[in-house]
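Spelled out from the first residue to the last, the chains are:
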Amino acid sequence: MAGRRSLTEVELTCPICCDIFREPVVLKCSHSFCASCLQQYWGPHGRNRDCPLCRTQSLDDPVPSLTLRNLCESYLNEGEGPEEAAAAAAAAAAVGEMYCDPGEMCPVHGEKLKLYCLLEQEPICVVCHTSRKHKQHDCCPVSEAVVDVKEKMKSALSSLQEKRDAFDKMKKNYEDTVVHIQAQARFVERRTREEFEKLHSFLQAEEEAKMDALRREEEQKSGEMKQKIEEMERNISSVSASIRVLEEEVSSEGISVLHNCKKALARANRPIEDPVMAPGALIDVAKYVGSSMFHVLEKMHLIAKYTPVTLDPNTAAPWLVLSDDLTSVCDSEEKQKLPDNPERFDPDTAVLGWEGFTSGKQAWDVNVGDNTAWVVGVAKESVQRKKKVSSVLSNGYLCVYFYHNMYFAGTSPLTRLSLKKSPQMVRVLLDCDKGRVSFYDPQNDVNIYTFKHAITEKVFPYFWVGCQKCPLTVEPVDVGLRAVTEAQN
């Protein structure tokens, strides 16, 4: 045909003869040709049965396309009447349906994929549904499958978005943790320098004191020796004078010896003590050198404060404020920006001691003072730290606590305690081997309460505080050094 064809005409043109289809047939690959053109292309024997366009081998005979034929006839008879136009429109719609995206066509049967196999989870055509592969399989329309799959994808998308948000949150937590680790390192550096500066100052003072005592003793004993030397010089001078007199008299002749002998002998026989060195004249070297470091350490314990419990800041709730020496804690109104590490209590305003115990005996005194809300005792390592729980035995706590001007023991149910005097100090005695935790008022020598509970896992000193004005403080204990010697057999 001469002239420029419209888009519809191009779609109705045989790729081989480039004319409107005559008796169109369709192959499995979905390409259509005139029946005569295809037979001529294949040859009289039809040995090379491939598609002229895509070269796909076709073992089955081509299928006549009635819809395409009607469309071509309608196109050739265009303008003959409304019924023909309607038929042409219907045929065009059918061809539009036939000539769709290759992904929507069955690669085996060349039909549109209208069903979805639920077992194989793949779209199939009506012919596939009757085949042996899918005959017994449950199927649903593609439109319904698309809705279901989209719902699953939306659910998966939502889950992935939540996971990404969780990763973003954890990444931010890690970044905050890095900042906090750096702040912790600077804090430890500062505290270490302060502590060692105290030690340096103490040792320097001790060194200067020892050197000053040595100088004083040196000056004193050197002065004494100088006095002795001067005394000896006077004695030597006196004795030398007596010797000269006697030598002169001995060398004299005649009766003059008799006249002067009495005086000369009296001077020579004048009593003079023999020179003897007094005891303690030397510097007491052993006093300065012997076990000098030990004696310094004995004095050092006066400035080196020891507390049996050190609070662990990595477990402290964000609202708590700990002292720099980690011996006292109080509540505050402001929540600090701290890493949400698994060891930390939140939201409970609690903190643990740094060292845990599984055996032996331990004791520590807690100054509760005028604190209006407190809990002291021990907590098992497995206690819940990320939710608010009661400090009772069933939750892993062996504690006594004070709240609303009442004292309780953390049993289940709670035990109300009647105390004649409000303790300013609470002593905690832990005996892991016997399974006992006892609480005393050491100032009034009163037993507050005793738990009898087997210690089957590590327990830590536990502190809960709800007062902002008065801290809970672990009291230091006196320590000393002593030498221990074993008896020799």
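For the structure itself, consult the block above.
In this report, we go over the structure that sits alongside the text. Bear in mind that the values here come from a model prediction, so they are computed numbers and not experimental data.

With 110 residues, helix H6 (residues 142-251) should cover 164 Å at 1.5 Å per step; its first-to-last C-alpha distance of 156 Å lies within 8% of that length. Within H6, the full set of buried residues consists of Ala-145, Asn-173, Arg-191, Phe-202, Glu-206, Glu-217, Lys-221, Ala-241, Ser-242 and Glu-249.

Our focus in this paragraph is the sheet that holds strand S6 (residues 139-141). In space, the three strands of this open sheet follow the order S5-S4-S6, with antiparallel pairing throughout. Of all strands in the sheet, those with a lone pairing partner are strand S5 (122-124) and S6, marking the two edges. Taken over all neighbouring pairs, the strand axes of this sheet differ in orientation by 35° on average, direction set aside. By the bridge criterion, three bridges tie strand S4 (residues 115-117) to S5 in an arrangement that is antiparallel. Residue pairing for S5: Cys-117 is matched across the bridge by Glu-122.

Below, the discussion takes up the side chain of Arg-191. With respect to the helices and strands, the residue Arg-191 is situated in helix H6. Residue Arg-191 is classed as buried on the basis of its relative accessible area of 18%. Setting aside residues no more than four positions away along its own chain, Arg-191 makes contact with Asp-324 and Asp-325.

Okay, the sheet that holds strand S3 (residues 63-64) next. Strand pairing in a sheet is mediated by backbone hydrogen bonds. Such pairs are either parallel or antiparallel. Pairing within the open sheet is antiparallel, and its three strands lie in the order S2-S1-S3. Here the strands that pair on one side only, and so sit at the sheet edges, are strand S2 (32-34) and S3. Relative to S2, strand S1 (residues 24-26) runs antiparallel, the two being bridged by three bridges. Across the sheet, Val-26 pairs through a bridge with Ser-32, a residue of S2.

Quick look at the pattern of salt bridges now. With the rule as written, the count across this model stands at 20 salt bridges. A salt bridge links Asp-324 to Arg-190, with the nearest nitrogen and oxygen atoms 3.4 Å apart. Placement of Asp-324 in the loop between strand S7 (321-322) and strand S8 (328-330) and of Arg-190 in helix H6 is noted, with a sequence separation of 134 residues between them. Overall, the relative accessible area of 36% leaves Arg-190 in the partly exposed class.

Criteria and cut-off values
- Residues numbered from 1 in each chain as written.
- Predicted model: local features only at pLDDT ≥ 70, side-chain atom pairs only at ≥ 80, totals over all residues.
- Heavy atoms only, no water.
- Helix = DSSP H or I, 4+ residues; strand = E, 2+ residues; numbered from the N terminus.
- Expected span 1.5 Å × (residues − 1).
- Buried < 20%, exposed > 50% of the residue type's maximum accessible area, 1.4 Å probe, protein only.
- Pairing = 2+ DSSP bridges.
- Axes fitted to C-alpha atoms, helices over the stretch in contact; angles between N-to-C directions.
- Contact = heavy atoms within 4.5 Å.
- Salt bridge = Lys/Arg side-chain N within 4 Å of Asp/Glu carboxyl O.

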